[in-house]
Amino acid sequence: MNILVAVDLSTASKKVVKAAGSVARLTGAEVYVIHIAEPEPDFVGYDAGPEVVRTQVAQELRREHRSVQALAEMLREDGIKATALLVRGPTVATTLKEAESLECELIVVGTHGHGDVVTHGELIEE
C-alpha cells in the first residue's frame, strides 16, 4: 500500500504527516510526502524577471524542499519508509496525477492550516 500525504507546509503539516504515519504503521504502507509549489505563470507576455526575482524563487523552492524532506525524515526516524517530493503545478490536478503515478491507495490532506486532519472520513482533532 502507498499513501500520499499532501502538505501545505503550514503548522498543521506535521500533524497531517503524523496521522499518515499512524496508518502506515498499521498497514506497512510506504508514504510519499508531497508539497505542490506554485507553477510558473504560463500566460503570454510573462517574463522570468530579473535575476534577483529568479534567485528569490529558487531560494523559496529550496526552503520548501528542505521542509518537505524534514517531514519525511520524521517518518523515517519512526521506521516508516518515506519519500519527500516537491512538484510545481496546479495543486489538485498535480496531487491527483502524482497519486496515480505512485499507485497510492490513500491520500491524506490537512485542512489548510485550520488544525484538523481528515483521513478515511474520520476527523482527527488537535
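Calculation rules
Residues numbered from 1 in each chain as written. Predicted model: local features only at pLDDT ≥ 70, side-chain atom pairs only at ≥ 80, totals over all residues. Heavy atoms only, no water. Helix = DSSP H or I, 4+ residues; strand = E, 2+ residues; numbered from the N terminus. Buried < 20%, exposed > 50% of the residue type's maximum accessible area, 1.4 Å probe, protein only. Contact = heavy atoms within 4.5 Å. Areas by Shrake-Rupley, 256 points an atom, 1.4 Å probe, with all protein chains shown as cover. Patch = residues over 30% accessible without salt bridge, like charges linked within 9 Å, V, L, I, M, F, W, Y side chains within 5 Å. Salt bridge = Lys/Arg side-chain N within 4 Å of Asp/Glu carboxyl O. pLDDT = per-residue confidence, 0-100. Polar contact = N/O pair within 3.5 Å; in protein donor to acceptor, adjacent residues only side chain to side chain.

Remarks on the overall build of the chain
In step 1: When you go through the chain residue by residue, the secondary structure sums to three helices and six strands.
In step 2: Each helix and strand of the chain, ordered N terminal to C terminal, gives the series β-α-β-α-β-α-β-β-β.
In step 3: Scored against the burial criterion, the 126 residues of the chain give a buried share of 37%.
In step 4: Taking as baseline every contact in the chain between residues at least 6 positions apart, the subset at least 24 positions apart corresponds to 74%.
In step 5: Only carbon and sulfur atoms are counted for the fraction: they give 52% of the accessible area of the chain, which is about 7,800 Å².

So, a nonpolar patch on the surface
In step 1: Together, V92, L96, I107 and V109 make up an exposed nonpolar region whose accessible area comes to about 330 Å².
In step 2: Breaking the nonpolar patch down by element, the ones donating at least two residues are helix 3 (91–101) and strand 4 (106–110).
In step 3: By the element assignment, V92 lies in helix 3.

Points about the confidence of the model for the chain
In step 1: A residue-level look at the chain finds 77% of positions with pLDDT of 70 or above and a mean pLDDT of 84.
In step 2: Residue range residues 119–126 is modelled with pLDDT below 50. Its contacts to residues more than four positions away, or to other chains, number 18 contacts.

Quick look at the side chain of N2
In step 1: Along the chain, N2 turns up in strand 1 (residues 2–6).
In step 2: Look at N2 and you get buried, because its relative accessible area is 16%.
In step 3: Within the structure, N2 has its side chain in polar contact with the backbone oxygen of L102 (distance 2.8 Å).
In step 4: Contacts of N2, omitting those with residues within four sequence positions, involve E30, Y32, L102, E103, C104, E105 and L106.

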